[in-house]
Amino acid sequence: MKNATLADSGNETAARDLRLDFFRGLALWFIFVNHIPANQISWATPRNFGLSDATEIFVFISGYTAALVYGRTLDRQGMPMAAAQVLHRCWTLYATYIILFFAYTAQIAYTARAFDSPLFAEEMGIAGYFQDPVTALTQAILLKFRPANLDVLPLYIVLLLAFALVLPALRRMPLGVLAGSAVLYLAARQWGWNLPTYPDGGVWYFNPFTWQFLFVLGASLQFQPDLRTTLTRVRRPVAVAAGAVLLGSLFLTLSWKFAPLHALIPVWLTEILYPISKTDLDPLRLLHFFALAYLVLWLVPAGASWLRGPLAAPLLACGKQSLHVFCLGVLLSFAGQTVLVHVSGSLSAQFLVTVLGIATMVLMARFLNWYQSAERARRHRVPATTKMGT
């Protein structure tokens, strides 16, 4: 697949739902902003107004687009080719992760030395790399050791590997696979299943046994267009319920920051609600994501004209090049953190770091889109020229 995106957006632009690229690009911007500590601009991201955040958006869209792309290959060329494409994609993601790991650790190490800030290595989770580099590198290759902010890629690699096994079943009985996924989700939460990390005693920040449910849900809905239409049809009672969920989630989120609001929540209710685990994808996070997705799909129909306008173009560009943009965003977020800590932490500096970082991601995405379009045009011209020459 020529267009290397984190969520495999596909090659058939005519059939592409622009909302996938738009919201994937928006999630990338949110992730970048949230990865910069002490950045007040992050107040504009969903995690401050609800229980779910950009990660849920990303994983759901990843499952949906994986089913869209590899389902086409399955229908046209059979399971062997579909599995080969999935495995090739996994290898690309894995190789990208290893390269990003080295680039990121080198960036942190250089910054820690240049500014004489050894705490940077501790804060970003790579202190063990310098204490025992051979073991740390081995564990990194096994996806068990990773610095802060790199958790999404290993999760996606594991989910996509599993997707290669369940793709035929998803095509034949998507609801059955979804039911099995739900059982695995509940079992993992009940018995605490997760994968280990290095150093010993840790677990994956995004538990693949629970987050797989959101991925499979996206894939299942892609294979069930009638069900998808039914679930997203606008109904006033459902819309009111979704709005109530969002308002309740907003109140809970604000109560974490404002003590007077927290005092209004009864003790018995807090004992029921908490902890709201992001690692294990708490049901309340799922409920908030479903409510948000329902209302957003109502407000942003597939044929919305503004999605083809200039305001949406930067987000669409980033969404189409999500793997490259994600990797660049990880490096830029740490660079932004360095600026805010060692140069200036003022609000204007936070705004400037945020804007320049997003602008850099957009420029790279547009360059890659231009280059790939030029390459496709060149490949189309070559056969025509050859045929005329014969």
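Residues numbered from 1 in each chain as written. Predicted model: local features only at pLDDT ≥ 70, side-chain atom pairs only at ≥ 80, totals over all residues. Heavy atoms only, no water.

Named according to an unreviewed UniProt entry, the protein chain is OpgC domain-containing protein originating from Azospirillum melinis.

Engineer: Lay out the packing of helix α11 (residues 236-255) against helix α14 (residues 283-299) with the relevant residues and their values.
Structural biologist: As a packed pair, α11 and α14 sit with axes 9 Å apart at the nearest point and diverge in direction by 130 degrees. Comparing the axis directions of α11 and α14 gives the class oblique. In this structure, α11 meets α14 at a crossing whose hand is left-handed. Contact residues: V238, A239, A242, G243, V245, L246 and S249 in α11; L287, H288, A291, L292, Y294 and L295 in α14. Residues that form the contact of α11 with α14 fall into these classes: 10 nonpolar, three polar and no charged. (Axes fitted to C-alpha atoms, helices over the stretch in contact; angles between N-to-C directions. Helix = DSSP H or I, 4+ residues; strand = E, 2+ residues; numbered from the N terminus. Parallel < 35°, antiparallel > 145°, perpendicular 65-115°, else oblique. Left-handed = near helix turned anticlockwise from the far one by under 90°. Contact = heavy atoms within 4.5 Å. Nonpolar A, V, L, I, M, F, W, Y, C, P; charged D, E, K, R; others polar.)

Engineer: Break down the environment of S62 for me, citing the residues and quoting the values.
Structural biologist: Of note, S62 is situated in helix α2 (residues 54-77). We classify S62 as buried; its relative accessible area is 2%. (Buried < 20%, exposed > 50% of the residue type's maximum accessible area, 1.4 Å probe, protein only.)

Engineer: Account for the layout of surface pockets, with residues named and values stated.
Structural biologist: Its volume calculated, the largest pocket comes out at about 1,000 Å³. If you trace the largest pocket, you find 30 residues lining it, with F60, T232, A293, Y294 and L297 closest to the centre. Going through the elements one at a time, α1 (18-34), α2, α9 (208-223), α10 (225-232), α11 and α14 are the ones with two or more residues in the lining of the largest pocket. Among the elements that line the lining of the largest pocket, the one with the most residues is α14, at nine residues. In terms of residue class, the lining of the largest pocket is made up of 25 nonpolar, two polar and three charged. (1 Å grid on protein atoms, 1.4 Å probe; cavity = no way out; pocket = protein on both sides within 12 Å on 5 of 7 lines; lining within 4 Å. Points joined across faces, edges and corners; volume = space filled by probe spheres on them.)

Engineer: Describe unusual backbone geometry, naming the residues involved and giving the relevant values.
Structural biologist: Looking along the chain, the bond that leaves Y198 and enters P199 is cis, with omega of 0 degrees. With respect to the helices, strands and loops of the structure, P199 is situated in the loop between β1 (196-197) and β2 (202-203). The residue after Y274, namely P275, is reached through a cis peptide bond having omega 0 degrees. Among the secondary structure elements, P275 is positioned in the loop between α13 (267-273) and α14. Located in the positive-phi region is A38, a residue other than glycine, with phi close to 60 degrees. As for its position among the elements, A38 is in the loop between α1 and α2. Look at A38 and you get exposed, because its relative accessible area is 63%.

Engineer: Describe the nonpolar core, and please don't skip the residues or the numbers.
Structural biologist: Grouped together as the largest cluster of nonpolar side chains are 98 residues, with contacts concentrated most on L160, F163, L214 and F326. Formed by six residues, the second largest nonpolar core is a distinct cluster that contains A242, L246, A291 and L295. (Core = buried A, V, L, I, M, F, W, Y, C linked by side-chain atoms within 4.5 Å.)

Engineer: Help me get a handle on α9, residues and values and all.
Structural biologist: Helix length check: α9 (16 residues) gives 22 Å between terminal C-alpha atoms against 22 Å at 1.5 Å per residue, within 8%. Within α9, 15 of the 16 residues are buried, which leaves the element mostly enclosed by the surrounding structure. Near the N-terminus of α9, the side chain that reaches the backbone nitrogen of F209, with its oxygen 3.0 Å away, is that of N207. (Expected span 1.5 Å × (residues − 1). Polar contact = N/O pair within 3.5 Å; in protein donor to acceptor, adjacent residues only side chain to side chain.)

Engineer: Lay out the packing of α1 against α2 in plain terms, naming residues and giving numbers.
Structural biologist: Packed helix pairs are characterised by how far apart their axes lie and by the angle those axes make with each other. Between α1 and α2, the least distance of the axes is 9 Å, while the angle of their chain directions is 145 degrees. Read as a crossing pair, α1 and α2 show a hand that is left-handed. Residues L20, F23, R24, A27, L28, F30 and I31 of α1 pack against A54, I57, F58, I61, Y64 and T65 of α2. Taken together, the residues of the contact of α1 with α2 break down into 11 nonpolar, one polar and one charged.

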